[in-house]
Amino acid sequence: MTNSRTCTAWGLAASAVLLSPIVVIFLIPLTIGIGLDIFDLFGEAPFALALCAPVVFVLLRLVLPRALVRQLAPLRRPRLPLNRLAS
């Protein structure tokens with residue numbers, strides 16, 4: 001029973017690895033086509049807002065002062081020589 005489960009798991013993993021590039025190749029033009037259909041259906045403004053909103057949120061999250069301080073804090077810490085331990 002354990003051997004059949006192992007073989008089944010490896011078979012499914014191998015088929016997933018072999019099929020994933022094919023799925024990605026067909027999925028990209030499909031999503032572009034669906035996006036263009038939605039764009040034609042609803043007009044430019046709502047679709048452009050829907051596409052730009054996540055990008056704006058990510059950029060705002062990176063530029064917030066709190067996030068900048070958190071990213072730059074390790075650079076301000078003094079470096080100890082290798083032969084001394086931090087206490």
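Residues numbered from 1 in each chain as written. Predicted model: local features only at pLDDT ≥ 70, side-chain atom pairs only at ≥ 80, totals over all residues. Heavy atoms only, no water.

Observations regarding the overall build of the protein chain
- From N to C terminus, the protein chain includes three helices and zero strands.
- Across the protein chain, helices and strands are ordered from the amino to the carboxyl terminus as α-α-α. (Helix = DSSP H or I, 4+ residues; strand = E, 2+ residues; numbered from the N terminus.)

Details of the environment of Ser20
- Here Ser20 is to be found in helix H1 (residues 2-42).
- What makes Ser20 partly exposed here is its relative accessible area of 37%.
- A distance of 3.3 Å separates a polar atom in the side chain of Ser20 from the backbone oxygen of Val17. (Buried < 20%, exposed > 50% of the residue type's maximum accessible area, 1.4 Å probe, protein only. Polar contact = N/O pair within 3.5 Å; in protein donor to acceptor, adjacent residues only side chain to side chain.)

Some details on the confidence of the model for the protein chain
- Residues at a pLDDT of 70 or more form 83% of the protein chain, whose mean pLDDT is 77.
- When mean pLDDT is taken per element in the protein chain, H1 scores highest with 84 and helix H3 (residues 65-76) scores lowest with 73. (pLDDT = per-residue confidence, 0-100.)

Thoughts on a nonpolar patch on the surface
- A cluster of nonpolar side chains, namely Leu19, Ile22, Val23, Ile25, Phe26, Leu27, Leu30, Ile34, Ile38, Leu41 and Phe42, defines an oily patch on the protein surface of about 1,100 Å² accessible area.
- According to the relative accessible area criterion, Ile22 is partly exposed, its value standing at 43%. (Patch = residues over 30% accessible without salt bridge, like charges linked within 9 Å, V, L, I, M, F, W, Y side chains within 5 Å. Areas by Shrake-Rupley, 256 points an atom, 1.4 Å probe, with all protein chains shown as cover. Salt bridge = Lys/Arg side-chain N within 4 Å of Asp/Glu carboxyl O.)

So, H1
- The axis of H1 is deflected most strongly, by about 35°, at Leu19, and proline Pro21 appears within four residues downstream.
- Downstream of H1 by one or two residues, Gly43 has phi in the positive range, about 95°. (Bend = angle between axes of the 7 residues up to and from the residue.)

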